[in-house]
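Here's the letter readout for the chains.
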Amino acid sequence: MTPRLKNFINGQWIEPSTGRYGESRNPARNSEIIVEFPLSGREDVDRAVAAAREAYPKWRSLPAPRRGEILFRAAELLRARKEALGQLVTREMGKVLPEGKGDVQEAIDFAYYMAGEGRRLVSEVVPSESPDKDAKSIRVPHGVFALITPWNFPVAIPVWKVFAALICGNTAVLKPSSDSPLCAARLVEILAAAGLPPGVLNLVTGSGPEVGEPLALHPQVDGISFTGSSAVGEALERQAAALHRPIAVEMGGKNAILIMPDADFKLALEGVLWGGFGTAGQRCTAASRVIVHREIHDRFVDELVAAARKMRLGDGLEAQTDVGPVINEGALKKILDYIRIGQEEGAQLRTGGVRKSDGPLADGWFIEPAVFTGVTPQMRIAQEEIFGPVVAVLACDSFEEGVRMVNGTRYGLSSAIFTRDVNLTARAEKELETGLVYINASTIGAEIQLPFGGYKHSGSGHPECGGRMGAIDFYTRIKTVYRDYSGKLQRAQIDV
Ligand code: NAP
């Protein structure tokens, strides 16, 4: 019998008020239902937010190092369950098993990092201009967070949000993607087993419009963190602005790799294959554009096409698979639409771009890795996020033209340059308008101890993850405190 999930509210697993359930299916074997999950409604959202609200005063009063101890125990459990969780990631959203385990490893890394943050949460103390007076800023939590996550990193992204929100003293309601609810539920089980008090983290599953939106806009919610498509993220930003509510959104990308003639050719080729076709191109940082200097363009394209043809499609649990399925039928259709659009625009489809549906692949959403050449900057396939295994190759004549092309979209998440010229790498670092820049590495592969976030329409400027300007800044508010112990009135700027 198919397992059935419940919502997790106030420390209890409970049925949704609607009595309705959806299905999460294995994208490599569509006939396999991974789990049935609640299609919740507003009442469930109300309950979850009320539980988070009630738990908030006690949780925020618990010293941050104590909160960190609970998160540390959760990190230990994540580590112990890495293999099983990695397999679940692959079954529920399709990425190949080494990447499924990588998703969990990223979660483990961040969980430990945030647990340690319980003993830092650094703020500032500065000298006052007056004698016998303290001047400092402290970090305080916001309250209740709505956390809305996508399916492509079904363990790592919920962990990025949950652990950062919680260590800062907030409580939260998590609304995961309807394509990966079981991964989120496993995470919640781990936090409960680690001793998280009831109500501190709640899980409500269901559709974006029926659960995500009422949650984000709920009157008792104090902040929103969303990762997903630009269309949904930008709509939420507008709604949150009307409520004057802090919101962090991480959204789509149209990331590019720039390859100069002096690049390590083999390394650049490996970088394009990994960035373009890893996770079947379904990473926000996927290398969906490759801008190659004309001096090496033809040779590079020939080798890229030959290598793409050799990639083996299949179930991500099988060791020989290079590229897994795309997430669902809707995604498959959207990608095939872009393949048609690219051809209509005049780009040459050099390989792939067709649904593979023979033999055991017939039951899944498989699409052969596609390479387009002859792409010009204004084509839709060079401007719009496709989110599938499709690489558009553009030619440039100089570094300057290449940088203009990289920067010439509405997105600004990740970019990369391959060159051996140290001076060019320094210029690229300055001139590429993306939140992440990789030098002699692909556009994917961020590490959690530095901020992660996009420019322009890729993000709101409140990065996720670690580092001095990372997630802690978003999940805390700054309170500036002056304490005068002189016993007399000292007037700032006047009694000097
Ligand atoms: P999505 O369709 O925007 O969904 C993201 C989440 O929002 C899901 O939980 C979804 O619920 C929910 N949602 C949908 N409509 C909503 C609404 N009106 N109000 C509130 N919530 C709503 O994106 P996705 O397909 O899951 O993920 C792929 C996208 O995420 C890509 O664009 C990718 O670039 C982006 N992404 C960005 C980053 C980053 O850090 N920049 C990282 C990963 C992915 P349902 O699942 O129930 O629809």
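Just so it is clear, the structure is predicted and the values come from calculations on it, not from any experiment. (Residues numbered from 1 in each chain as written. Predicted model: local features only at pLDDT ≥ 70, side-chain atom pairs only at ≥ 80, totals over all residues. Heavy atoms only, no water.)

Notes on the site of the ligand
Then step 1. With respect to spatial proximity, 29 residues lie near the ligand, and among them Lys-175, Ser-178, Ser-229, Met-251 and Glu-385 are the closest.
Then step 2. At a separation of 3.0 Å, an oxygen atom of the ligand approaches a polar side-chain atom of Trp-151.
Then step 3. Ser-178 places a polar side-chain atom, nitrogen or oxygen, 2.5 Å from an oxygen atom of the ligand.
Then step 4. Alone, the ligand offers 910 Å² of accessible surface; in the complex the protein occludes 86% of this. (Near = heavy atom within 4 Å. Polar contact = N/O pair within 3.5 Å; in protein donor to acceptor, adjacent residues only side chain to side chain. Areas by Shrake-Rupley, 256 points an atom, 1.4 Å probe, with all protein chains shown as cover.)

What about empty space enclosed by the protein?
Then step 1. For the structure shown, the criterion picks out 4 cavities of 30 Å³ or more.
Then step 2. Lining the largest cavity are 13 residues, and of these Gly-281, Ala-286, Ser-288, Glu-385 and Phe-387 lie nearest its centre.
Then step 3. Here the residues of the lining of the largest cavity sort into 5 nonpolar, 5 polar and 3 charged.
Then step 4. Empty space within the second largest cavity amounts to approximately 60 Å³.
Then step 5. Residue lining of the second largest cavity: Ile-157, Trp-160, Thr-227, Glu-250, Met-251, Cys-284, Leu-413, Phe-452 and Glu-464, and that is the complete set.
Then step 6. Classifying every residue of the lining of the second largest cavity gives 6 nonpolar, 1 polar and 2 charged. (1 Å grid on protein atoms, 1.4 Å probe; cavity = no way out; pocket = protein on both sides within 12 Å on 5 of 7 lines; lining within 4 Å. Points joined across faces, edges and corners; volume = space filled by probe spheres on them. Nonpolar A, V, L, I, M, F, W, Y, C, P; charged D, E, K, R; others polar.)

Examining the sheet that holds strand β19 (residues 436-439)
Then step 1. Ordered in space as β14-β15-β16-β13-β12-β18-β19, the 7 strands form an open sheet in which the pairing is mixed. The open sheet has two edge strands with one neighbour each: β14 (348-351) and β19. Averaged over all neighbouring strand pairs, the angle between strand axes comes to 25 degrees, with direction disregarded.
Then step 2. Looking at chain direction, strand β15 (residues 370-373) and strand β16 (residues 390-396) are connected through 3 bridges and run parallel. Among the inter-strand pairings, Ala-370 is bridged to a residue of β16, identified as Val-390. (Pairing = 2+ DSSP bridges. Helix = DSSP H or I, 4+ residues; strand = E, 2+ residues; numbered from the N terminus. Axes fitted to C-alpha atoms, helices over the stretch in contact; angles between N-to-C directions.)

Regarding the pairing of strand β12 (residues 255-259)
Then step 1. Taken across its 5 residues, β12 has 5 buried, putting it largely inside the fold.
Then step 2. In β12, alternate side chains face the same way, and those of Asn-255, Ile-257 and Ile-259 on one face and Ala-256 and Leu-258 on the other are all buried.
Then step 3. Sheet topology places β12 next to strand β13 (residues 287-293); 5 bridges connect them, and they run parallel. The partner of Ile-259 across the bridge, within β13, is Val-292.
Then step 4. Read as a crossover between parallel neighbours, the route from β12 over helix α9 (residues 265-277) to β13 is right-handed.
Then step 5. In the sheet, β12 pairs with strand β18 (residues 414-418) via 4 bridges, with the strands oriented parallel. (Buried < 20%, exposed > 50% of the residue type's maximum accessible area, 1.4 Å probe, protein only. Right-handed = clockwise from strand over helix to strand, strands pointing away.)

Topic: the side chain of Glu-99
Then step 1. Inspection of the secondary structure puts Glu-99 in helix α4 (residues 97-117).
Then step 2. Within the local environment of Glu-99, its side chain forms a polar contact with the side chain of Thr-279, the two groups lying 2.5 Å apart.
Then step 3. If near-sequence neighbours (up to four positions away) are discounted, Glu-99 is found in contact with Trp-274, Gly-278, Thr-279 and Arg-283. (Contact = heavy atoms within 4.5 Å.)

Some details on the packing of helix α3 (residues 82-93) against α4
Then step 1. Running from N to C, α3 and α4 point in directions that differ by 125 degrees, and their axes come no closer than 7 Å. Taken together, α3 and α4 sit at an angle that is classed as oblique. Classified by chirality, the crossing of α4 by α3 is right-handed. Taking contact as the criterion, the partners of Lys-82, Glu-83, Leu-85, Gly-86, Gln-87, Val-89 and Thr-90 in α3 are, on α4, Leu-97, Gly-100, Lys-101, Asp-103, Val-104, Gln-105 and Ile-108. (Parallel < 35°, antiparallel > 145°, perpendicular 65-115°, else oblique. Left-handed = near helix turned anticlockwise from the far one by under 90°.)

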